[in-house]
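# Descriptive structure summary
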Amino acid sequence: MSAEPLPGYDPFASMLHTVIAGEIREMRDKLEVLSMVLVCDEHFAASYIEQLQTFDYLIQHAEECVNLLERIAGGEDSLSAIGHVRLGAVQDRLRLALKGS
């Protein structure tokens with residue numbers, strides 16, 4: 001009997017998903033801090049409200065990616081994990097990507 005992994009099985013995938021989730025979480029946290037600094041400047045905030053909304057979207061997008069990776073790392077199957085993504089456009093792109101594979 002062989003102790004080789006099954007074809008397509010990656011014993012490091014779960015750990016890698018967890019580590020990547022942590023990296024994305026760190027980026028999200030830094031974006032959040034930066035956006036708070038910018039919002040505190042009333043002139044800047046008034047002049048660049050649309051760009052600041054992009055910060056909010058990026059923070060939400062990062063959070064959804066973190067949650068997705070953590071669910072998959074925890075053993076949830078990809079399709080079920082995608083179903084929990086709250087940003088509709090992101091969920092649609094993820095589903096579309098899986099259809100193409």
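Preceding block: the structure.
Here goes a summary of the coordinates provided.

Cut-off values and rules
- Residues numbered from 1 in each chain as written.
- Predicted model: local features only at pLDDT ≥ 70, side-chain atom pairs only at ≥ 80, totals over all residues.
- Heavy atoms only, no water.
- Salt bridge = Lys/Arg side-chain N within 4 Å of Asp/Glu carboxyl O.
- Helix = DSSP H or I, 4+ residues; strand = E, 2+ residues; numbered from the N terminus.
- Buried < 20%, exposed > 50% of the residue type's maximum accessible area, 1.4 Å probe, protein only.
- Core = buried A, V, L, I, M, F, W, Y, C linked by side-chain atoms within 4.5 Å.
- Contact = heavy atoms within 4.5 Å.

## What to know about the pattern of salt bridges
Summed over all chains, the structure comprises four salt bridges. The shortest N-O distance in the salt bridge between Glu 63 and Arg 28 comes to 1.9 Å. Residue Glu 63 is located in helix α3 (residues 49-73), and its partner Arg 28 is located in helix α1 (residues 13-39); the two are separated by 35 residues in the primary sequence. Residue class for Arg 28 comes out buried when judged on its relative accessible area of 13%. Glu 64 is paired through a salt bridge with Arg 86; the nearest N and O atoms lie 2.7 Å apart. Within this pair, whereas Glu 64 is found in helix α3, its partner Arg 86 is found in the loop between α4 (78-82) and α5 (88-99), the two being separated by 22 residues in sequence.

## Considerations on the nonpolar core
Leu 68, Ala 81, Ile 82, Val 85, Leu 87 and Val 90 together form the largest nonpolar core, which totals six residues. Those residues within four positions of Leu 87 in sequence are excluded, and the remaining contacts are Tyr 57, Gln 60, His 61 and Glu 64. Residues Ala 21, Ile 24, Ala 62 and Val 66 belong to the second largest nonpolar core, which totals five residues.

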